[in-house]
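One letter stands for each residue in the lines below.
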Amino acid sequence: MDLIILPFLLVIIASIFQGSFGVGMKYMSPLKWESWWLVHVTVAMVLFPLLWTFISVSNVSPIIIDVFSDPVAKHAAYIAILFGFLWGIGGIMFGVSVPYIGLSLTMGIVMGIAGTLGALIPLLQNENATSLPQFPYVILGLAITIIGVVITAKAGIDRDKLQGNSSLSGGNILKGIGIAVVCGILSSLLAVGHTNVNDDVTIIADNYGINGRNASLIAWLIVFIGAYAMNASYSLVLIFKNKSWSNFSISGSKKAYMWSIIAGLCWFAALGLYGQGAALMNGASDNNLGNIVGWPMLLGLSLIVSNIWAYNAGEWKDAKKPFNLLLIGLAVLIIASIVLGYSNSLN
């Protein structure tokens, strides 16, 4: 029973961190975005992942060396690094899309596509994927997830219109939607890259007596080579362009630094726990679908958590009808998670 419950409990906890890390972005001032973001990604993609991995795994360096020495694993690792880099570009495009179509619609498009493709691409890479007993339930769970995200996005759009904050005007709507679609596709590659390289890392780590749960942490380190390179480079470009090196020592920035670090800790806590939960799901199933099932669950449940924060911040004040629609969307996301969870119990 613990083998069934624990993996989903880890993904649920991961979704709480995933849905919460964005709270810290409200406390950037007086730091500029590029200064705050460089600190954030350094904590989220370098310091915390390395610390957690080296505490949990005793043979990190030999395992990574073996990964890049094995022809098959090396290929998967380079692809994972590339996908991490492309995911970083997707994150930048998210910010570009918001001014055109608003946060709610951008979030809906990106979450829907990233959650679906992040699960569907690795699923279809399985031999005889369509003949697996889990296949129809995974597809159903993904379809329900998309419906939930669409309803949630619609609620956000209705709220923005009611509060006079809508960005849906002018001739740039299609441009914004196009950017958000590309962003969603690129954002899915974080999961695809991790899922693909994780299989090879797990096999190699097993030779050192390391379980799949902790091997997933090493897989993240490989993906983050590309992800951090992209995010840090973009931040540094902005720092040089805006000549904002002095911003790091600006007075009154202690709170901004604190929230940057907290956000970084929450961000990788989400991915680290998701990876460990997915590995345990693999142990509870004969078809190693943990990452495929866990990824859309993580994103769907995190959308619930982020809206709880938004509600507490008063973002849904005086928007009763859109809020009721939001509740329906969140209920649909919960149903989707139940269906996906059930799919992993099938053998």
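This text gives an overview of the structure that appears in the document. (Residues numbered from 1 in each chain as written. Predicted model: local features only at pLDDT ≥ 70, side-chain atom pairs only at ≥ 80, totals over all residues. Heavy atoms only, no water.)

The next subject is the overall build of the protein. Counting its regular elements, the protein contains 10 helices and zero strands. Here the C-alpha radius of gyration of the protein, 20 Å, is about what a compact globule of 347 residues would show, namely 20 Å. Viewed in the frame of its principal axes, the protein has a C-alpha envelope of about 55 × 50 × 35 Å. For the protein, with 347 residues in total, the buried portion stands at 53%. For the protein, contacts bridging at least 24 residues in sequence account for 85% of all contacts bridging at least 6. Carbon and sulfur atoms form 68% of the exposed surface of the protein, whose accessible area is close to 15,300 Å². Treating the 15 positive side-chain charges of the protein as one cloud and the 13 negative ones as another, the clouds have centres 21 Å apart. (Helix = DSSP H or I, 4+ residues; strand = E, 2+ residues; numbered from the N terminus. Rg over C-alpha atoms; globule rule 2.2 N^0.38 Å. Buried < 20%, exposed > 50% of the residue type's maximum accessible area, 1.4 Å probe, protein only. Contact = heavy atoms within 4.5 Å. Areas by Shrake-Rupley, 256 points an atom, 1.4 Å probe, with all protein chains shown as cover. Lys, Arg positive; Asp, Glu negative; His and termini not counted. Charge placed at Lys NZ, Arg CZ, Asp CG, Glu CD.)

With that settled, consider the nonpolar core. The biggest cluster of nonpolar side chains holds 80 residues, and the ones touching the most others in it are Leu 190, Val 197, Phe 224, Trp 267, Phe 268 and Leu 271. No other element matches the 12 residues that helix 8 (residues 254–284) contributes to this core. Discounting residues that sit within four places of it in the chain, Trp 267 has contacts with Gln 18, Phe 21, His 40, Ala 44, Met 45, Trp 87, Leu 190 and Phe 224. Residues Phe 83, Leu 105, Cys 183 and Leu 189 belong to the second largest nonpolar core, which totals 13 residues. (Core = buried A, V, L, I, M, F, W, Y, C linked by side-chain atoms within 4.5 Å.)

This brings us to the packing of aromatic side chains. In this structure the tally under the stated criterion is 18 aromatic pairs. Pairing Trp 220 with Tyr 274 gives two aromatic rings, centres 6.3 Å apart and planes at 55 degrees, and the pair type is tilted. In this pair, Trp 220 sits in helix 7 (residues 212–242) while Tyr 274 sits in helix 8, placing the two residues 54 residues apart along the sequence. A residue is classified by how much of its surface remains accessible, and Tyr 274, at 0% relative accessible area, is buried. Ring-pair connections join several aromatic residues into one group, and the members of that group are Phe 48, Trp 52, Trp 87, Trp 220, Phe 224, Trp 267, Phe 268, Tyr 274 and Trp 295. (Phe/Tyr/Trp six-rings, centres within 6.5 Å; stacked < 30°, edge-to-face > 60°.)

A full pass over the atoms with the stated rule returns one salt bridge. When the shortest N-O distance is used, the salt bridge between Asp 158 and Lys 154 registers 2.8 Å. Highlighted residues: Asp 158 and Lys 154, both in helix 5 (residues 135–162), separated by four residues, approximately one helical turn. (Salt bridge = Lys/Arg side-chain N within 4 Å of Asp/Glu carboxyl O.)

Once that is clear, we can look at unusual backbone geometry. In this structure, Pro 30 follows Ser 29 across a cis peptide bond, with omega equal to 10 degrees. One non-glycine residue, Lys 243, lies in the positive phi region at around 50 degrees. Its location among the elements puts Lys 243 in the loop between helix 7 and helix 8. By relative accessible area, Lys 243 is classed as exposed at 70%. Of note in the backbone geometry, Asp 318 takes a positive phi value of approximately 60 degrees without being a glycine. Structurally, Asp 318 can be placed in the loop between helix 9 (290–312) and helix 10 (320–344). In this structure Asp 318 comes out as exposed when scored by relative accessible area, which is 67%.

Position of Ser 244 relative to the elements: it lies in the loop between helix 7 and helix 8. Excluding its chain neighbours within four sequence positions, the residues that come into contact with Ser 244 are Lys 32, Glu 34, Ser 35, Leu 238 and Ile 239.

Before going further, it helps to examine the packing of helix 3 (residues 60–67) against helix 7. In the contact formed by helix 3 and helix 7, the axes pass within 11 Å of each other and the chain directions differ by 60 degrees. By the angle class used here, helix 3 and helix 7 are oblique. Relative to helix 7, helix 3 is oriented so that their crossing is right-handed. Together, Val 60, Ile 63, Ile 64 and Val 67 of helix 3 and Ile 218, Leu 221 and Ile 222 of helix 7 make up the contact between the two elements. (Axes fitted to C-alpha atoms, helices over the stretch in contact; angles between N-to-C directions. Parallel < 35°, antiparallel > 145°, perpendicular 65-115°, else oblique. Left-handed = near helix turned anticlockwise from the far one by under 90°.)

One way to put it is that helix 5 packs onto helix 9 with a least axis distance of 11 Å and a crossing angle of 20 degrees. With respect to helix 9, the axis of helix 5 lies roughly parallel. When the axes of helix 5 and helix 9 are compared, the crossing they make is left-handed. In this structure, helix 5 contributes Val 138, Leu 142, Val 149 and Thr 152 to the contact, and helix 9 contributes Ile 292, Val 293, Pro 296, Leu 303 and Asn 307.

Now for the side chain of Ser 15. Mapped onto the fold, Ser 15 is located in helix 1 (residues 2–20). In this view, Ser 15 contacts Leu 298, Leu 301, Ser 302 and Val 305; residues no more than four positions away in its chain are not counted.

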